[in-house]
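If you want the building blocks of each chain, they are given just below.
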Amino acid sequence: MNDTTTSHGLPAHPDPRMHHDHGYAGHDHSGHGHSGHDHTAMVADFRRRFWISMVLTVPVLALSPMIRRFLGIDGIVTFAGDSYVLFSLSAVIFIYGGWPFLKGCLSELSSRRPGMMTLITVAIAVAFFYSSAVIFGLAGKVFFWELATLIDIMLLGHWIEMRSVMGASGALEALVRLLPATAHRLSADDSISDIAIAELRPGDRVLVRPGEKVPIDGLITKGQSSFDEAMLTGESRPVEKGEGQEAVGGSVNGEGAVVLSIHKTGDRTYLSQVIDMVRQAQDTRSRTQDLANRAALWLTYIALSAGGGTLALWLGLGSSFEFALERMVTVMVITCPHALGLAVPLVVAVSTRLTAQNGLLIRDRAAFERARNLGAVLFDKTGTLTEGRFGVAGVVSFTGAPEADVLSWAAALETQSQHPIARGIVRGARERGAQIRAVESFRSLTGQGVEAVVDGHTVRVVSPGYLRQNSIAVDEAAVAPFSGEGNTVVHVLLDGQPFGAIALADVIRKESFEAVRRLKDMGIQCMMITGDAAPVARAVAAKLGLDDYFAEVLPHEKVAKVREVKQRGLTVAMIGDGVNDAPALVESDLGIAIGAGTDVAIESADVVLVRSDPRDVFAILALSRATYAKMVQNLFWATGYNAVAIPLAAGLAYPWGLLLSPALGAALMSLSTVIVAINAKLLERARRTVGAAAA
């Protein structure tokens, strides 16, 4: 990447807030002494140091007296000055292979936060300098072979760790790669020129051919096609879009060519906002991570104390200095808080990637972690549980004619109107397969309805007020069940006589039923808050099986309702559209903005759900619980194994013939790191939970 654009043409840093490395969460995980740097280069560096040290370890092992006696080659692999060759090779391994740990130790000590690097440095430094002193005249045994194998294992562990980190935190780079490098810009005479995405400006027209990726957000001005947005929102089915609708940068165009008018560039595009949110989420301090960091710091102090105590104890018991030193080195190595430092960050990275890939955008990790303890979910009604548009709730026929006939006469008139009620009737007629007839002499009855001539008949679609004003009697008992639920009822008159009635209501999303059921199965109370009249709220609550509802609530009063639910002793999540619900989203323990679409920059929400699908609320809560469970499992493993490993390393089981060498201790420590990394990656199985919300 250069300073202005990425290799994919996306502005490298369209927002000052995004101007930092693509490294792992930008944190110094586990005190390793490396944070936010080029992880690709770091992986290559650890790999190179490991293989070079491994090659040098072979002659070190062959020249080490203890190994030669063990293999029975003591008299074979020997020559004058072999001990100095052994020292030289070991010095290269100590300096070259151990350099990342020595450098990390200096960094930790300068910040007064000794950690894993300090422990490793103490262990390898003691082994190297003591063995070097033996080579040059001090009585004792050399530990060069254990020094070499210890550094090899530590380098291997770090290499595996960095690869795991890169695999877990590649969400940002993957998002950037969603964009193509160039776009087909149309000039005034419709000629095409290919330019870099960074050169696009608002007002430019862009051609997107079938099968190509949409280069940047834009309104469709010509053409119609389906768009695969799976990599952006998790929506598995292609989305049909036509003129006047927005195509999102990074989505894949289907079968039709479309022309876009660019109206968002830089940090205002959907993908840039998602990238920014993922970075914010990764940079947000996790409360569980703070606990892990404190535990790692204390474990470092314990390791140093236990190492020194082990040395003093064995010397006090009359053991040789070599044996006591080996025990001390083993204790320090096996107590390294390597796995502890990775326990939480790796889980955070995996969960952040999973959520971003499925249209679940976390803005505040602490709030996301609190979601596991939710006791109640408070839904806004309009646009959240419902579609925010009129739909046909029921049809009454006063003449015994089929319901489809009532809709057919009414829809004929309403095709000429743009009123929300009219659109609801037309939509309902088409969904039920009703025939829509030709219309003549259409006119509006101000404030009362519409009328027209259809197939030679005078047809009117009117309000109940029109009936009262013109003293037209209808079967009120047939209409009462619908009007009692707060539905809007219109009447169809055929040649001046009542023919039927149509009840309309804000359509409940079919996904809402499953969302409520799943949340209640998790033991979470489901409630609704709305500004609608009580009969409407009561009907919606009854159909969905909600535990409670609040009706006729003004936007500024929603905060008080959130507080009321919290006073019941419940941890509350508020789910709304993120605009008029903003104060309530802030007041709640977890604010979730749902149905944000391509406008994801909702500052008042802790979590933004891209799709208008309430089932994603269940998905985010389920993932929160799964994420926390993985954090706890990793913390338990990273600290729990020390309860057994430290006594063994100190030589507690020595009387029974069980003794851990420093190299074996390093292997166990690295194994714990690998287990923690694998366990974090297993969180990806939660994709099935997240994906189920869109099934």
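Data block above holds the structure.
Reference entry: report on the structure contained in this document. (Residues numbered from 1 in each chain as written. Predicted model: local features only at pLDDT ≥ 70, side-chain atom pairs only at ≥ 80, totals over all residues. Heavy atoms only, no water.)

In terms of burial, strand β11 (residues 376–380) is a largely internal element, five of the five residues being buried. Judged by which residues are buried, β11 turns out to be covered on both faces: A376, L378 and D380 on one side and V377 and F379 on the other are all buried. Sheet topology places β11 next to strand β20 (residues 572–576); four bridges connect them, and they run parallel. Among the inter-strand pairings, A376 is bridged to a residue of β20, identified as V572. Examined bridge by bridge, β11 and strand β18 (residues 525–529) share five bridges and lie parallel to one another. Its bridge partner lying in β18, V377 is registered against C526. (Buried < 20%, exposed > 50% of the residue type's maximum accessible area, 1.4 Å probe, protein only. Helix = DSSP H or I, 4+ residues; strand = E, 2+ residues; numbered from the N terminus. Pairing = 2+ DSSP bridges.)

Okay, the sheet that holds β11 next. Sheet architecture is open: seven strands sit in the order β10-β22-β21-β20-β11-β18-β19, paired in mixed fashion. Strands with a single pairing partner mark the edges of an open sheet, and in this sheet they are β10 (360–362) and β19 (548–550). Strand-to-strand twist across the sheet, computed as the mean angle between neighbouring axes with direction ignored, equals 20°. Seen against the sheet, helix α20 (residues 534–544) touches β18 and β19 and runs at an angle of roughly 155° to β19. (Axes fitted to C-alpha atoms, helices over the stretch in contact; angles between N-to-C directions. Contact = heavy atoms within 4.5 Å.)

So, on to the side chain of S408. By secondary structure assignment, the location of S408 is in helix α15 (residues 403–414). A polar atom in the side chain of S408 sits 2.3 Å from the backbone oxygen of Q435. If we skip the residues at most four places from it in the chain, S408 touches A434, Q435, I436 and R437. (Polar contact = N/O pair within 3.5 Å; in protein donor to acceptor, adjacent residues only side chain to side chain.)

Two measures describe an aromatic ring pair: the distance that separates the ring centres and the angle between the ring planes. Tallied over the entire structure, the rule returns 13 aromatic pairs. Seen in terms of ring centroids, F87 and F136 are 5.2 Å apart; in terms of plane orientation they differ by 85°. Their pairing is edge-to-face. Taken together, the positions of F87 in helix α3 (residues 82–97) and F136 in the loop between α5 (116–135) and α6 (144–168) put the pair 49 residues apart, joining distant regions of the chain. F136 sits in the exposed class, given a relative accessible area of 54%. With a centroid separation of 5.8 Å and 75° between ring planes, the pair formed by F94 and F129 is classed as edge-to-face. With F94 in helix α3 and F129 in helix α5, the pair connects residues that are 35 residues apart, well separated along the chain. Clustering of aromatic rings is evident, with ring pairs tying together Y84, F87, F94, F128, F129, F136 and F144. The ring of F323 is capped by R327, whose NZ or CZ atom sits 5.7 Å from the centre of that ring. Of note, R372 hangs over the ring of Y628, and the distance from its end group to the ring centre comes to 3.5 Å. (Phe/Tyr/Trp six-rings, centres within 6.5 Å; stacked < 30°, edge-to-face > 60°. Lys NZ or Arg CZ within 6 Å of the ring centre and 35° of its normal.)

Right, let's talk about the pattern of salt bridges for a bit. It is possible for side chains bearing opposite charge to pair when their charged atoms get close. Under the criterion given, the structure shown has 22 salt bridges. The residue R209 makes a salt bridge to E212 at a minimum N-O spacing of 3.9 Å. For R209, a relative accessible area of 35% corresponds to the partly exposed category. Judged by relative accessible area, E212 falls into the partly exposed class, the value being 23%. A salt bridge links K510 to E511; the shortest N-O distance between them is 3.6 Å. (Salt bridge = Lys/Arg side-chain N within 4 Å of Asp/Glu carboxyl O.)

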